[in-house]
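The residues making up each chain are set out below.
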Amino acid sequence: MTTAHTYEVQVEWTGNLGSGTDGYASFSRDHEVLADGKDGIAASSDPAFRGDPARWNPEELLVSSVAQCHMLWYLHLCAVGGVVVTDYEDNAHGVMTMDKTGGSGRITRVVLRPEVTVTDASMVEKARALHGDVPALCFIARSVNFPVTHEPVVHVQED
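Here the structure is a predicted model, which is why all the values come from computation and not from measurement. (Residues numbered from 1 in each chain as written. Predicted model: local features only at pLDDT ≥ 70, side-chain atom pairs only at ≥ 80, totals over all residues. Heavy atoms only, no water.)

A short note on empty space enclosed by the protein
Right, so step 1: Taken as a whole, this structure holds one cavity of 30 Å³ or more when the rule is applied.
Right, so step 2: Of the voids in this model, the largest cavity is the one considered here, and its volume is about 50 Å³.
Right, so step 3: Lining the largest cavity are Val 66, His 70, Leu 112, Val 134, Pro 135, Cys 138, Ala 141, Val 148, Thr 149 and His 150.
Right, so step 4: Residue assignment for the lining of the largest cavity shows that the elements contributing at least two residues are helix 1 (58-81) and strand 8 (148-150).
Right, so step 5: Examining the composition of the lining of the largest cavity, we find that three residues originate from one element, strand 8, more than from any other. (1 Å grid on protein atoms, 1.4 Å probe; cavity = no way out; pocket = protein on both sides within 12 Å on 5 of 7 lines; lining within 4 Å. Points joined across faces, edges and corners; volume = space filled by probe spheres on them. Helix = DSSP H or I, 4+ residues; strand = E, 2+ residues; numbered from the N terminus.)

Details of the layout of surface pockets
Right, so step 1: Its volume calculated, the largest pocket comes out at about 770 Å³.
Right, so step 2: The set of elements that each furnish at least two residues to the lining of the largest pocket consists of strand 2 (31-34) and helix 1.
Right, so step 3: Classifying every residue of the lining of the largest pocket gives 13 nonpolar, three polar and three charged. (Nonpolar A, V, L, I, M, F, W, Y, C, P; charged D, E, K, R; others polar.)

Some words on the nonpolar core
Right, so step 1: Ranked by internal contacts, the top residues of the largest apolar core, which has 15 residues, are Tyr 74, Val 83, Val 118, Ala 127 and Leu 130.
Right, so step 2: Per element, the largest residue contribution to this core is four residues, and it comes from helix 1.
Right, so step 3: Formed by eight residues, the second largest nonpolar core is a distinct cluster that contains Ala 67, Ile 107, Leu 112 and Val 144. (Core = buried A, V, L, I, M, F, W, Y, C linked by side-chain atoms within 4.5 Å. Buried < 20%, exposed > 50% of the residue type's maximum accessible area, 1.4 Å probe, protein only.)

And the structure:
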């Protein structure tokens, strides 16, 4: 039997500067990403497309979704596999490649760069290897049409 999970979000444009979209430069790309019971996410478009650099853009949110999913599955695999992780940080990198006209593009790759700290040196090899098991499990990575690679670094916690 198949189980389906659904996700309800709202995107609310807040960028009407008074004249709506009567011209390309006459409106702000600002918007809020909302869901019931959660704080909103202040978002905009990429600054290259007249967006506010102080707000999240959809491309950043996509890269962060891939990184979050990887982290959550990785921590699960560590917990059930006997690897004790005490710190995890990922400096994820996404690339959007524009088409020849510059009018459109697509995300062409995401590189995850997780830095993990484990409690014992005997766990380092398994901690590194478990990153390789995540792509088959991560819902987000399995749903995108671009490669998601990872370059993990594993540290041992200092006493």
